[in-house]
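# Descriptive structure summary
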Amino acid sequence: MRYVLLGPPGAGKGTQAAILSEKLGVPHISTGDLFRANIGQGTPLGVEAKSYIDAGKLVPTDVTARMVEDRLNQDDAANGFLLDGFPRTVEQADILADLLEKKGQKLDGVINFEVSEDVVVERMLARGRADDNEETIRTRLGVYRDETFPLIQHYGDDIINVKAEGTVEEINERTLKAMGK
Ligand code: ADP
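Per an unreviewed UniProt entry, the protein goes by Adenylate kinase and derives from Corynebacterium striatum. We quote the UniProt Catalytic activity (unreviewed entry) comment for the protein here in full: "AMP + ATP = 2 ADP".

See below:
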């Protein structure tokens, strides 16, 4: 079971992914979480990523893709994963496709969490993570619109739309239903 989770920053992908991971028995792989773990541990990757993340910009794709490849090569991801935060650009989607092809794997679908900009801004301000101030939020929404939103068209028929407004439980039920689980 291999799914990509797509949606604007603050769409609640991470929250849903954690629940789905538990219910479906596949790891939740979040690039944001991997970066934050590296920053916390002060690794060279974390040091490099931090300035981009603090500014709300994308970390360079070569760095990000290498980190994702390493993570997907770990044993627990052999039978499936929920990939959250990658790809974020069409370039990254092509890298992922190559990477999976090399492994003889393919995606089962791309879950697209649909939520209005007002709601995501509200959620991010309430969450108050280090990179959740008004200016970075504006930058991240711009990056989403310009670079990530085109992935919906790129993935075409593989997209599974889920309305991501409501309670966490409601959205979880909707997601499982949309996945046919
Ligand atoms: P959110 O879903 O709220 O945007 P994430 O935790 O997914 O938060 O990501 C936080 C930050 O990590 C992003 O703003 C970006 O700087 C960096 N990041 C995450 N995934 C990627 C990626 N695929 N490519 C480049 N940068 C990324």
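Quick look at the overall build of the protein now. Tallying secondary structure elements over the protein gives 9 helices and 5 strands in all. Taken from N to C terminus, the helices and strands of the protein fall in the order β-α-β-α-α-α-β-α-β-α-α-α-β-α. Projected onto its principal axes, the C-alpha coordinates of the protein cover approximately 40 × 35 × 30 Å. Looking at the protein residue by residue over its 181 residues, the buried ones come to 46%. Within the protein, contacts between residues at least 6 apart in sequence are counted, and of these 75% link residues at least 24 apart. Counting every atom, the protein has about 9,300 Å² of accessible surface; 48% of that belongs to carbon and sulfur.

Following the UniProt record, the feature "binding site: ATP" (unreviewed entry) maps to Gly-10, Ala-11, Gly-12, Lys-13, Gly-14, Thr-15, Arg-127 and Gly-166 here. Mapped onto the elements of the fold, Lys-13 is located in helix H1 (residues 13-24). On the basis of relative accessible area, Lys-13 is assigned to the buried category, the value being 9%. Leaving out residues up to four positions away in the same chain, Lys-13 has contacts with Leu-5, Leu-6, Gly-7, Pro-8, Asp-84 and Phe-113.

Time to look at the pairing of strand S3 (residues 81-84). In S3, alternate side chains face the same way, and those of Phe-81 and Leu-83 on one face and Leu-82 and Asp-84 on the other are all buried. Pairing of strand S1 (residues 2-6) with S3 involves 4 bridges; the strand directions are parallel. In the strand pairing of S3, Tyr-3 is matched with Leu-82. As defined by bridge partners, strand S2 (residues 28-30) adjoins S3 across 3 bridges and the pair is classed as parallel. When the bridges of S3 are listed, Ile-29 appears paired with Leu-83.

Let us look at the UniProt feature "binding site: AMP" (unreviewed entry) in the protein. What UniProt calls "binding site: AMP" (unreviewed entry) maps, in this numbering, to Thr-31, Arg-36, Lys-57, Leu-58, Val-59, Gly-85, Phe-86, Pro-87, Arg-88, Gln-92, Arg-129 and Arg-140. A maximum C-alpha distance of 25.0 Å shows the annotated residues, which cover 110 residues in sequence, to be distributed over more than one spot. Take Arg-36: it is sitting in helix H2 (residues 31-41). Judged by relative accessible area, which is 30%, Arg-36 ranks as partly exposed. Looking at Arg-36, its side chain comes within polar contact range of the side chain of Asp-33, at 2.9 Å.

The ligand sits among 20 residues. The nearest are Thr-31, Arg-36, Lys-57, Gly-85 and Arg-88. Contact distances for the ligand include 2.7 Å between a nitrogen atom and a side-chain N or O atom of Thr-31. About the coverage of the ligand: the protein hides 96% of its 550 Å² of free accessible area. Broken down by element, the residue count for the shell around the ligand peaks at 4 residues, all from H2. Each residue belonging to the shell around the ligand can be placed in one class, and the counts come to 6 nonpolar, 6 polar and 8 charged.

Turning our attention to the environment of Leu-34. Within the secondary structure, Leu-34 sits in helix H2. Expressed as a C-alpha distance, the spacing of Leu-34 and Thr-64, which sit 30 residues apart in the sequence, is 9.7 Å. Among all residues touching Leu-34, those that are not within four sequence positions of it are Ile-29, Met-67 and Arg-71.

Here the focus is the packing of helix H4 (residues 61-72) against helix H5 (residues 90-102). Running from amino to carboxyl end, H4 crosses H5 at an angle of 30 degrees, the nearest separation of the two axes being 11 Å. Comparing their axes, H5 and H4 come out roughly parallel. Viewed along their axes, H4 and H5 form a crossing whose handedness is right-handed. Listed contacts from H5 to Thr-61, Thr-64, Ala-65, Glu-69 and Leu-72 of H4 are Glu-91, Gln-92, Ile-95, Leu-96, Leu-99 and Lys-102. Looking at side-chain class alone, the contact of H4 with H5 contains 5 nonpolar, 3 polar and 3 charged residues.

Reading guide: rules and limits
- Residue numbers here run from 1 along each chain, matching the order of that chain's written sequence.
- Selection of residues for local features in this predicted model requires a pLDDT of at least 70, selection of side-chain atom pairs for listing and counting requires 80 or more, and totals for whole chains, interfaces and linings are taken over all residues.
- Only hydrogens and water are removed before side-chain values are computed, so all heavy atoms of the structure are retained for them.
- UniProt positions are given in the numbering used here, feature names are shortened, and annotations may be inferred rather than shown by experiment.
- Under the DSSP-based scheme used, a helix requires at least four consecutive residues in state H or I and a strand at least two consecutive residues in state E, with every element numbered from the N terminus.
- Buried, partly exposed and exposed residues are distinguished by accessible area as a fraction of the type maximum, computed with a 1.4 Å probe on protein chains only: under 20%, between the cut-offs, and over 50%, respectively.
- Note on contacts: a residue pair is in contact if any heavy atoms of the two residues lie within 4.5 Å.
- Only the protein chains shown count as covering a residue, and every accessible area follows the Shrake-Rupley method with a 1.4 Å probe.
- For two strands to count as paired, DSSP must find a minimum of two bridges between them.
- What qualifies as a polar contact is a pair of N or O atoms within 3.5 Å, subject to a donor-acceptor requirement within protein and to the restriction that residues adjacent in sequence count only when both atoms come from side chains.
- Neighbouring residues are identified by heavy atoms, a residue being near a molecule or strand if any of them is within 4 Å of it.
- For this scheme, ten residues count as nonpolar: Ala, Val, Leu, Ile, Met, Phe, Trp, Tyr, Cys and Pro. Four count as charged, namely Asp, Glu, Lys and Arg, and the remainder, Gly too, count as polar.
- Inter-axis angles, ranging from 0 to 180 degrees, are taken between N-to-C directions of lines fitted to C-alpha atoms, where helices are fitted over the stretch in contact.
- What sets the label is the angle itself: under 35 degrees gives roughly parallel, over 145 gives roughly antiparallel, 65 to 115 gives roughly perpendicular, and the rest give oblique.
- In this scheme the handedness of a crossing depends on how the near helix is turned from the far one: anticlockwise by less than a right angle means left-handed, clockwise means right-handed.

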